[in-house]
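Each chain, written out:
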Amino acid sequence: MFAPERRLAIEAARAAGELLRSELTGARRIAFKGAPTNLVTEMDARAEALILGRLCAAFPDDAILAEESGSAQGRSGRRWIVDPLDGTTNYAHGLPLFAVSIALEVAGRIELGVIYDPVHEELYVAERGAGAFVNDRQLAVSRASTLDESLLATGFPYNIRETDDNNLAEYAAFSVRAQGARRMGSAVLYLAWVAAGRFDGYWELRTGPWDVAAGSLLVEEAGGRITAIDGAPIDVDKPSVVATNGLIHDEMLKVLAEVRAR
């Protein structure tokens, strides 16, 4: 149904990913978006310009929401949601764990999601109703049925130094209930890896639309479940996230509710 869009999103994600990988060991120009933990580099801008140039040339009537340049209005009822470099802090330190994310939203619903991990050369693609794939291999979430046997992932807000609502209490609670809780610096990859069955669950109190748009569809199409942290449907524009294999979802929501009620 979205063959031209799918093809272009894949080409753009690959091109941006290869650019990022080729420049990983280079000198960085680093700036800060408010908090000292919220980095941006010149490579974020370069990758975003590459992606948006291709999208706007092919689909000039579509709206755009991109992490670095913000929103551009369209008239088609469609919106591209772009994270050109998720894992900027990792990238700025030369840590090879980052990804590119491109999603297409139609009438308020994500219909296409593409994530590219250039370090591992893994291309994740999902279309609504057509399944989720990595390098053409169909994805399925894990079968872990309890928190006790689950590997989880999470992230922390950029204002962790200024707010008490910083996920530290939640992280402590899950750390003693799960086999492990990982913090690796890329919400995009967390969602891709939940879809791939590598993580059993992922939660985060606050993320950006570009962090979850493509990955949320991957999780759903791989048989998983994704909601807000209170169990409500996820709001891509103001997302908090719990993404799981479905089997441990209610258990994760219960832990979050207990911790946040204290």
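A few points on the structure. (Residues numbered from 1 in each chain as written. Predicted model: local features only at pLDDT ≥ 70, side-chain atom pairs only at ≥ 80, totals over all residues. Heavy atoms only, no water.)

Before going further, it helps to spend a moment on the overall build of the chain. When helices and strands are tallied, the chain shows seven helices and 15 strands. For the chain, contacts bridging at least 24 residues in sequence account for 62% of all contacts bridging at least 6. Taken as a whole, the chain presents about 11200 Å² of accessible surface, with 50% of it coming from carbon and sulfur. In the chain, 27 positive and 37 negative side-chain charges are present, and the distance between their average locations comes to 1 Å. (Helix = DSSP H or I, 4+ residues; strand = E, 2+ residues; numbered from the N terminus. Contact = heavy atoms within 4.5 Å. Areas by Shrake-Rupley, 256 points an atom, 1.4 Å probe, with all protein chains shown as cover. Lys, Arg positive; Asp, Glu negative; His and termini not counted. Charge placed at Lys NZ, Arg CZ, Asp CG, Glu CD.)

This brings us to the packing of aromatic side chains. In total, this model carries seven aromatic pairs according to the counting rule given. Taken together, a centroid distance of 4.3 Å and an interplanar angle of 45° make the contact between Phe174 and Trp203 tilted. Here Phe174, found in helix α4 (residues 168-175), pairs with Trp203, found in strand β13 (residues 201-204); they are 29 residues apart in sequence, far enough to count as distant. Summarising the burial analysis for this pair, Phe174 and Trp203 share the class buried. The aromatic ring of Phe59 is capped on one face by Arg78, whose charged end is 5.3 Å from the ring centroid. (Phe/Tyr/Trp six-rings, centres within 6.5 Å; stacked < 30°, edge-to-face > 60°. Buried < 20%, exposed > 50% of the residue type's maximum accessible area, 1.4 Å probe, protein only. Lys NZ or Arg CZ within 6 Å of the ring centre and 35° of its normal.)

Time to look at the pairing of β13. Neither face of β13 is left uncovered, since the one carrying Gly201 and Trp203 and the one carrying Tyr202 and Glu204 both have all their residues buried. Alignment of β13 against strand β15 (residues 241-244), held across four bridges, turns out to be antiparallel. Pairing of Gly201 across the sheet is with Thr244, part of β15. (Pairing = 2+ DSSP bridges.)

Turning our eyes to something else, we now look at the pattern of salt bridges. In the structure shown here, the tally under the stated rule is 15 salt bridges. One salt bridge in this structure joins Glu105 and Arg79, with 2.9 Å as the shortest N-O distance. Highlighted residues: Glu105 in strand β6 (residues 99-106) and Arg79 in strand β5 (residues 78-86), separated in sequence by 26 residues. Just as Glu105 is buried, Arg79 falls in that class too. For Arg260, the salt bridge goes to Glu170, with nearest N and O atoms at 2.8 Å. Residue Arg260 is found in helix α7 (residues 249-260), and its partner Glu170 is found in helix α4; the two are separated by 90 residues along the sequence. For Glu170, a relative accessible area of 5% translates into the label buried. Overlapping salt bridges, with partners in common, bring together Asp165, Glu170, Arg206 and Arg260 in one network. (Salt bridge = Lys/Arg side-chain N within 4 Å of Asp/Glu carboxyl O.)

Turning next to the sheet that holds strand β12 (residues 180-182). The sheet built from five strands is open, its strands ordered β12-β11-β13-β15-β14 with mixed pairing. A strand with exactly one partner marks an edge of an open sheet, and here the two such strands are β12 and β14 (225-227). For this sheet the average axis-to-axis angle between neighbouring strands, irrespective of direction, equals 15°. In the sheet, β14 pairs with β15 via three bridges, with the strands oriented antiparallel. Residue pairing for β15: Thr227 is matched across the bridge by Val242. (Axes fitted to C-alpha atoms, helices over the stretch in contact; angles between N-to-C directions.)

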